[in-house]
Amino acid sequence: QVQLVESGGGLVQPGGSLRLSCAASGIIFSRNRMGWYRQAPGKERELVAEITNGGSTNYADSVKGRFTISRDSAAKTVYLQMNSLKPEDTAVYYCNAVTTWGVSHWGQGTQVTVSS
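Residues numbered from 1 in each chain as written. Predicted model: local features only at pLDDT ≥ 70, side-chain atom pairs only at ≥ 80, totals over all residues. Heavy atoms only, no water.

(A) View of the overall build of the protein chain. Helices and strands together make up the secondary structure of the protein chain, namely zero helices and 11 strands. The linear arrangement of helices and strands in the protein chain, starting from the amino end, is β-β-β-β-β-β-β-β-β-β-β. Taking 2.2 N^0.38 as the reference for a compact globule, 116 residues should give roughly 13 Å; the C-alpha atoms of the protein chain span a radius of gyration of 13 Å, in line with that estimate. Summarising its shape, the C-alpha atoms of the protein chain cover approximately 40 × 25 × 25 Å along the three principal directions. For the protein chain, buried positions account for 41% of its 116 residues. Partitioning the intrachain contacts of the protein chain with sequence separation of at least 6 by distance along the chain shows that 53% fall at a separation of at least 24. Surface exposure of the protein chain reaches about 6200 Å², of which carbon and sulfur atoms provide 46%. (Helix = DSSP H or I, 4+ residues; strand = E, 2+ residues; numbered from the N terminus. Rg over C-alpha atoms; globule rule 2.2 N^0.38 Å. Buried < 20%, exposed > 50% of the residue type's maximum accessible area, 1.4 Å probe, protein only. Contact = heavy atoms within 4.5 Å. Areas by Shrake-Rupley, 256 points an atom, 1.4 Å probe, with all protein chains shown as cover.)

Pasting the structure below:
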């Protein structure tokens, strides 16, 4: 029923930019907390950014000032604008949604590779 589909990943040089998109279906989008997580090989999945249904945002210290999370309720889409990318940003990025009942849903992930 619930589907989160990420897109926008790819290969980019250090200092470059990418915008990730997560299209949601099967949920009441405006009532969900949305977030982006990432997982690099051999590492734990970590929170990158999140946004509440009220518009409040939180970011990992490593991405503050470089990444921006936003949401479009009409399009049921959450975005992650990534600027000034660094090699350590290389990971699979996952979209996450948490319903008002505390149920968590995940997308399949999109690969971001930052390399010269």
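Next comes the rest of the write-up.
(B) Representation of the pairing of strand S4 (residues 33-39) in the model. The buried fraction of S4 amounts to six of the seven residues, a majority that puts the element mostly inside the structure. Sheet topology places S4 next to strand S9 (residues 91-98); seven bridges connect them, and they run antiparallel. If you follow Met34 over to S9, its bridge partner there is Ala97. Bridge count for S4 against strand S5 (residues 46-51) is five bridges, and the pairing is antiparallel. Counted as the bridge partner of Gly35 is Glu50 from S5. Connecting S4 to the next strand, S5, in antiparallel fashion are six residues, including Gly42 with a positive phi near 80°. (Pairing = 2+ DSSP bridges.)

(C) The environment of Gly15, seen in detail. One can find Gly15 in the loop between strand S2 (10-12) and strand S3 (18-25). Distance from Gly15 to Val48, taken between C-alpha atoms, is 18 Å for residues 33 residues apart in sequence. Residues contacting Gly15, with those up to four places away along its chain left out, are Ser84 and Leu85.

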